[in-house]
Amino acid sequence: MAFLKRSKSAPQGRRVPGLVASFLHVDAAVDAIRALRAKGYRNLVVYTPAPNHEIEEALEHRVSPVRLFTLIGGLTGCTAGFAMTIWMSYDWPLLVGGKPIAAIPPYVVIGFELTILMGALSTVAAVALFSVLMGKRGVPYDPRFSDDAIGIFVPTTTDQLGPIEQLLLSAGAAEVRHETA
Amino acid sequence: MAVVAQPHDPSDGHAITQTHAEVTRDVVATLGPPSRGYLLLLAAAVSLFLIGILTFLMLIKDGLGHAGYNPPIFWSVYITTFVFWVGIGHAGTLISAILFLFRSPWRTAVYRSTEAMTVFAVMTAGLFPIIHIGRQWIFYWLLPYPNQRYLWPNFKSPLIWDVFAISTYLTVSTTFLVFGLIPDVAAVRDKVSGWRKMIYSWSSVGWQGTDNQWRHYSRAYLYLAALATPLVLSVHSVVSWDFAVSIVPGWHGTIFAPYFVAGAIYSGIGMVLTLIIPLRRALKIEHMINSYHFDNLAKLTLLTGSILFYAYAMEYFVAWYSGNIFEQTTFYRRAFGPMWWAGWTMIICNAFVSQLLWFRKIRTNLTALFVISIFINIGMWFERYVIIVSSLSNDYIPWAWGQLNPTWADWGILAGSFGWFGMWFLLFAKTFPIVAIQEIKEMIPMPRRRGGHG
């Protein structure tokens, strides 16, 4: 089961030292996460091939702040849609039979479309911001984490390696690897 | 431990019996070297596209006179085909976004191919208003940008709503497709080697499937689906208002928005069936897209087809009940006028053929479904042809009536649009996972050490 190979994705010298374990059973991985968190290791990185509720619950994450960006983007789009159409109507007035120059009902369509457009784009921008730009760098990776294995990376220093390795193996890790800086 | 996924019962016919590793293996296998049949299909699509390009060059050189525009019919085959392709797109977003919010388990296996179909169909549709405007090189006049004449678009016109609706739809559905692809491209990256690994690594934008990435990703996916849901309903409503806001008899119906949305989804599922029935065999994914999915797709076709049946009946009823002679004449001539053949093609292919799907035997018979899907494609193209061309052909005074004679320029662009769409879809199917790896895996419980299953 020697599938843990060194990742080439992180450049040399910027690697975070620690232990990386792979699990083939979800309950084993959840046990390990709970045990590590009980011992005070809270900055774990857990890799899964697909989102998994049991692991999310074990990690006790707060709700992603992406939703705030969706809201702000949507409201910006809505405001921009109405502001643009109303301002442009007055900038070059089309006078039709005493009807209002800025007519709100038709502008609802533009306001609605821009709400969706800006809401969607800012949602994706938020994911890029939180997951890529602000994501942890230099953490190890293994190709099987996108296939069928769950990975747990524990950033730690050399004097703690022994007990953590024991904990991971007793929880049911298929393999544990030392990750040096 | 909180909620634990129940083990699948293999006897219920649609259980996913594969493991995570088998899902990755089978989907990555679809990206192998192309077969001869695939290359022949691609060559056919590119040839059709070239016919479209040549026709378009002739239109640029000489103008729209080549197309069969003839007073009083100045919206004809191009606008018909525009509405046809926009409609095709709607089934994809229904399946990928609306059924995601409703947590329909059967959508997972087919959603990627339908979402790709959406993007390419809207890409095709977007070309048609540009072809239709005549001086194609100044299409950007549609957009509100500061210019030396201090002019702005008239935002009270449904045509400008359409510009916003279609461009938003194209952007959001492309975003949704690309966003959904990221974890799957990462899974492919970890299975291939050489130059392919380089390209997939670059495309996966550093995806590692960490808890933090999934946390933001899953939330964002939910919000994208929630935004796409009202969008898909709005887009074809806006397209219908291109017609319904005018006062042309046969166009100004208040029923138009829901009528068009139902028709769009109906036509889109028709196209989904036409595409994935051969595709699943060519890519050897019959075990992933099986009769369970087709049965559900067919039920959706039956539902939307029945809504169309009702809408057709209601159009005729309202025309009669209105007591308006222009409205009555328009609808009489749809069934018994010079274009009776188009009117009946639409009614038979859409309202009547879809009723065959009440029978489970037909819903699960792929040959029958494929044939029905071809009828749907033809019927829905003719629906738009009938609505647009036949309504314009009989104006208020018989002196101004006229008929459309489509020319080689109309058919050339129509053929080109199928080539352009087919080319993109075929290229996509061999480049990216056509079945959503990560979403299928999410539905398969992971193995456990103690108790349960594994």
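Rules used in this analysis
- Each chain carries its own residue numbering, running from 1 in the written order of its sequence.
- By the order in which they are written, chains take letters starting at A while ligands take numbers starting at 1.
- Totals for whole chains, interfaces and linings use every residue, but because this is a predicted model, local features are given only for residues with pLDDT of at least 70 and side-chain atom pairs only at 80 or more, for both listing and counting.
- For the purposes of this entry, the term helix denotes a DSSP run of H or I that reaches at least four residues, the term strand denotes a run of E that reaches at least two, and both are numbered from the N terminus.
- The quantity called the radius of gyration is restricted to C-alpha atoms. Its globule counterpart is 2.2 Å times the number of residues to the power 0.38.
- Think of it as a crowd count around each C-beta: if 20 or more other C-beta atoms lie within 10 Å the residue is buried, if 12 or fewer it is exposed, and in between it is partly exposed, with C-beta placed from the backbone throughout.
- Here, residue contact means that the backbone-derived C-beta atoms of the two residues sit within 7 Å.
- For two strands to pair, DSSP has to find at least two bridges joining them.
- Lines are fitted to the C-alpha atoms to define the axes, a helix being fitted only along its stretch in contact, and any angle between axes, read from their N-to-C directions, falls within 0 to 180 degrees.
- Residue type decides the class: Asp, Glu, Lys and Arg count as charged, Ala, Val, Leu, Ile, Met, Phe, Trp, Tyr, Cys and Pro as nonpolar, and the leftover types, Gly among them, as polar.
- Residue ranges for the domains trace back to a domain assignment, done automatically or taken from a database.
- What the arc covers is the set of directions going from the helix axis to the C-beta atoms.
- Any angle that is under 35 degrees is reported as roughly parallel, and any over 145 degrees as roughly antiparallel; angles of 65 to 115 degrees are reported as roughly perpendicular and all others as oblique.
- For a crossing to be left-handed, the near helix must be turned anticlockwise from the far one by less than a right angle; the clockwise case is right-handed.

## Considerations on the overall build of chain A
Alright, step 1. A count of helical and extended segments in chain A gives five helices and four strands.
Alright, step 2. A globule of 181 residues ought to have a C-alpha radius of gyration of about 16 Å, yet chain A, at 25 Å, is considerably larger.
Alright, step 3. In terms of principal-axis extent, the alpha carbons of chain A reach across some 85 × 35 × 30 Å.
Alright, step 4. A total of 181 residues make up chain A; the buried ones form 44% of that total.
Alright, step 5. Within chain A, contacts between residues separated by at least 24 positions form 83% of all contacts whose residues are at least 6 apart in sequence.

## Some details on the sheet that holds strand 2 (residues 45-47) of chain A
All names here are of chain A.
Alright, step 1. In space, the four strands of this open sheet follow the order 2-3-1-4, with antiparallel pairing throughout. Strands at the two margins of the open sheet, each flanked by one partner only, are strand 2 and strand 4 (175-179). Mean inter-strand twist for the sheet, computed between neighbouring axes without regard to direction, equals 15°.
Alright, step 2. Taken together, the six bridges between strand 1 (residues 18-23) and strand 3 (residues 150-155) define a ladder with antiparallel strand orientation. Within the sheet, the bridge partner assigned to phenylalanine 23 lies in strand 3 and is isoleucine 150.
Alright, step 3. Most of the contacts of helix 1 (residues 26-38) go to strand 3, to which it runs at about 15°, and overall it touches strand 1, strand 2 and strand 3.
Alright, step 4. Against the sheet, helix 5 (residues 161-171) engages strand 1, strand 3 and strand 4, with an angle of about 5° to strand 1.

## Examining the environment of Leu303(B)
Alright, step 1. Its location among the elements puts Leu303(B) in helix 9 (residues 291-322).
Alright, step 2. Along the chain, Leu303(B) and Trp358(B) lie 55 residues apart, while their C-alpha atoms are 9.8 Å from each other.

## Some points on the interface of chain B and chain A
Alright, step 1. Listed per partner, the contact involves 55 residues of chain B and 57 residues of chain A.
Alright, step 2. Looking at the side of chain B that touches chain A, the elements that each hand over two or more residues are helix 1 (20-29), helix 5 (158-189), helix 7 (211-244) and helix 15 (437-443) of chain B.
Alright, step 3. Per-element tally for the side of chain B that touches chain A: the top contributor is helix 7 of chain B, with 16 residues.
Alright, step 4. Taken together, the residues that form the side of chain B that touches chain A break down as 27 nonpolar, 18 polar and ten charged.

## Regarding the domain arrangement of chain A
Alright, step 1. Once the domains are mapped, chain A shows domain 1 (18-48 + 136-179) and domain 2 (66-133).
Alright, step 2. Relative to domain 2 of chain A, the C-alpha centre of domain 1 of chain A lies at a distance of 45 Å.

## Looking at helix 5 of chain A
Residues and elements named next belong to chain A.
Alright, step 1. What helix 5 keeps buried is the set Ile164, Leu167, Leu168 and Ala171. Projected onto a plane normal to the axis of helix 5, the buried residues spread over an arc of 95° and lie on a single side. Away from its buried face, by an angle of more than 90 degrees, helix 5 presents the exposed residues Gly162, Gln166 and Ser170.
Alright, step 2. The positive-phi residue at the C-terminal boundary of helix 5 is glycine 172, with phi of around 120°.

## Description of unusual backbone geometry
With the exception of glycine, the majority of residues adopt a negative phi angle, and the majority of peptide bonds are in the trans configuration.
Alright, step 1. Look at the link from Pro71(B) to Pro72(B): it is a cis peptide, with omega at 5°.
Alright, step 2. Residue position: Pro72(B) is located in the loop between helix 2 (36-62) and helix 3 (77-101).
Alright, step 3. One non-glycine residue with positive phi stands out, namely Glu60(A), at about 50°.
Alright, step 4. Summarising the element assignment, Glu60(A) is placed in the loop between helix 2 (53-59) and helix 3 (66-91).
Alright, step 5. Here Val205(B), not a glycine, exhibits a phi torsion of approximately 35°, which is positive.
Alright, step 6. Along the chain, Val205(B) falls in the loop between helix 6 (194-203) and helix 7.

## So, the packing of helix 3 of chain B against helix 5 of chain B
All names here are of chain B.
Alright, step 1. As a packed pair, helix 3 and helix 5 sit with axes 12 Å apart at the nearest point and diverge in direction by 40°. Accordingly, the angle class assigned to the pair helix 3 and helix 5 is oblique. Relative to helix 5, helix 3 is oriented so that their crossing is left-handed. In this structure, helix 3 uses Val86, Gly89, Thr93, Ser96 and Ala97 to contact helix 5, whose residues at the interface are Ile166, Ser173 and Phe176.

## Observations regarding the environment of Tyr169(B)
Residues and elements named next belong to chain B.
Alright, step 1. For tyrosine 169, the position within the fold is in helix 5.
Alright, step 2. The sequence separation of tyrosine 169 and serine 218 amounts to 49 residues, and the corresponding C-alpha distance is 21 Å.
Alright, step 3. Not counting chain neighbours up to four residues away, the residues in contact with tyrosine 169 comprise Val122, Leu231 and Val235.

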